[in-house]
Amino acid sequence: MVDMDIVVLGDEILRQKAQNIADIDTNIKALSQQMLETMYRGKGIGLAAPQVGLSLRMFVLDVEEGSPLVFINPSLLETSEELEDFEEGCLSIPGVYAKVARSAEIRIQAWNERGRPFTMEAEGFLARVIQHEMDHLNGVLFTDRLPEIIRAKLLKQYEKRMRA
Ligand code: NI
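Residues numbered from 1 in each chain as written. Predicted model: local features only at pLDDT ≥ 70, side-chain atom pairs only at ≥ 80, totals over all residues. Heavy atoms only, no water.

Take the coordination of the nickel ion next. Coordination sphere of the nickel ion, protein contribution only: Cys 90 (SG), His 132 (NE2) and His 136 (NE2), at 2.1 to 2.2 Å. Taken in chain order, the donor set of the nickel ion reads C-x41-H-x3-H. You can see Cys 90 sitting in the loop between β4 (83-88) and β5 (98-103) and its partner His 132 sitting in helix α2 (residues 124-137), a full 42 residues away along the chain. Relative accessible area serves as the criterion here: at 11%, Cys 90 is assigned to the buried category. (Donors = N, O, S within 2.8 Å, 3.2 Å for Na, K, Ca; no water. Helix = DSSP H or I, 4+ residues; strand = E, 2+ residues; numbered from the N terminus. Buried < 20%, exposed > 50% of the residue type's maximum accessible area, 1.4 Å probe, protein only.)

Here is the structure:
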């Protein structure tokens with residue numbers, strides 16, 4: 001199996017709106033497996049296709065260890081007005097963590113790696129990870145959701161560390 005590299009902050013692909021997947025075929029199924037392996041290797045809990053250099057509307061996650069989920073062409077059907085603050089990180093911005101406000105509950109529709117459509121309701125941490133990965137498909141990073149002053153400080157520290 002080919003090793004996939006994780007794209008980091010600064011790569012344009014992280015800022016693009018990803019494209020819908022026309023056919024959920026065996027290649028996509030294989031890709032979902034490769035993405036999960038890449039995510040586990042990076043000790044992440046979620047990974048979106050743009051993070052491995054593919055501008056496709058697809059992400060994987062595993063919030064409860066051993067229960068991987070694959071979301072293809074997902075759409076958020078509902079997001080609660082009630083927000084929650086919780087610390088996030090991202091494999092594409094290594095070492096940066098900050099509290100982000102997100103909807104406490106969501107409802108999402110997507111297709112799995114076998115091409116079956118499903119709808120899921122999620123709350124708490126799972127809802128958070130889903131929203132974070134959805135953002136990746138729209139070129140949005142969690143740091144975009146931070147107050148300007150906090151974002152500037154964290155990114156400055158990050159760049160300094162990357163140069164070191
Ligand atoms: Ni991320």
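A cluster of acidic side chains, namely Glu 82, Glu 84, Asp 85, Glu 105, Glu 121 and Glu 123, defines a negative patch on the protein surface. For the negative patch, the secondary structure elements donating two or more residues are β4 and β7 (117-123). The residue Glu 105 is located in strand β6 (residues 105-111) in this model. (Patch = residues over 30% accessible without salt bridge, like charges linked within 9 Å, V, L, I, M, F, W, Y side chains within 5 Å. Areas by Shrake-Rupley, 256 points an atom, 1.4 Å probe, with all protein chains shown as cover. Salt bridge = Lys/Arg side-chain N within 4 Å of Asp/Glu carboxyl O. Lys, Arg positive; Asp, Glu negative; His and termini not counted. Charge placed at Lys NZ, Arg CZ, Asp CG, Glu CD.)

What follows is about the pairing of β7. By the alternation rule, side chains of β7 split into Phe 118, Met 120 and Ala 122, which are all buried, and Pro 117, Thr 119, Glu 121 and Glu 123, of which none is buried. Here β6 runs beside β7; their pairing, made up of 7 bridges, is antiparallel. If you follow Gln 109 over to β7, its bridge partner there is Thr 119. What sits between the antiparallel neighbours β6 and β7 is a turn of 5 residues, in which Gly 115 has the positive phi angle 80°. (Pairing = 2+ DSSP bridges.)

Okay, the pattern of salt bridges next. With the rule as written, the count across this model stands at 8 salt bridges. Where Glu 88 meets Arg 128, a salt bridge forms, and the shortest distance between an N and an O atom there is 2.8 Å. Of this pair, Glu 88 sits in strand β4 while Arg 128 sits in helix α2; the two residues are 40 residues apart in sequence, bridging distant segments of the chain. Take Glu 88: its relative accessible area is 5%, and that puts it in the buried class. With relative accessibility at 4%, the residue Arg 128 sits in the buried group. Residues Asp 135 and Arg 102 are paired through a salt bridge, measuring 2.9 Å at the closest nitrogen-oxygen approach. Of this pair, Asp 135 sits in helix α2 while Arg 102 sits in strand β5; the two residues are 33 residues apart in sequence, bridging distant segments of the chain. By relative accessible area, Asp 135 is classed as buried at 8%. Linked by salt bridges that have partners in common, Glu 88, Arg 102, Arg 128, Asp 135 and Arg 145 make up one network.

Where strand β2 (residues 58-61) and strand β3 (residues 69-79) come together, 4 bridges link them in antiparallel fashion. Each residue of the ladder has a partner; that of Phe 59, found in β3, is Phe 71. Summarising the sheet, β3 and β6 pair through 5 bridges and their orientation is antiparallel. Directly across from Ser 75, in β6, lies its bridge partner Gln 109.

For the rest of this paragraph, the subject is unusual backbone geometry. If a residue is not glycine, its phi is most likely negative; likewise, a peptide bond is most likely trans. Positive phi values are uncommon outside glycine, yet Lys 43 reaches one of about 60°. Summarising the element assignment, Lys 43 is placed in the loop between α1 (26-41) and β1 (46-48). Of note, Asn 73 is a non-glycine position whose phi angle comes to about 45°, a positive value. Structurally, Asn 73 can be placed in strand β3.

These values are about where atoms sit, not about what they do.
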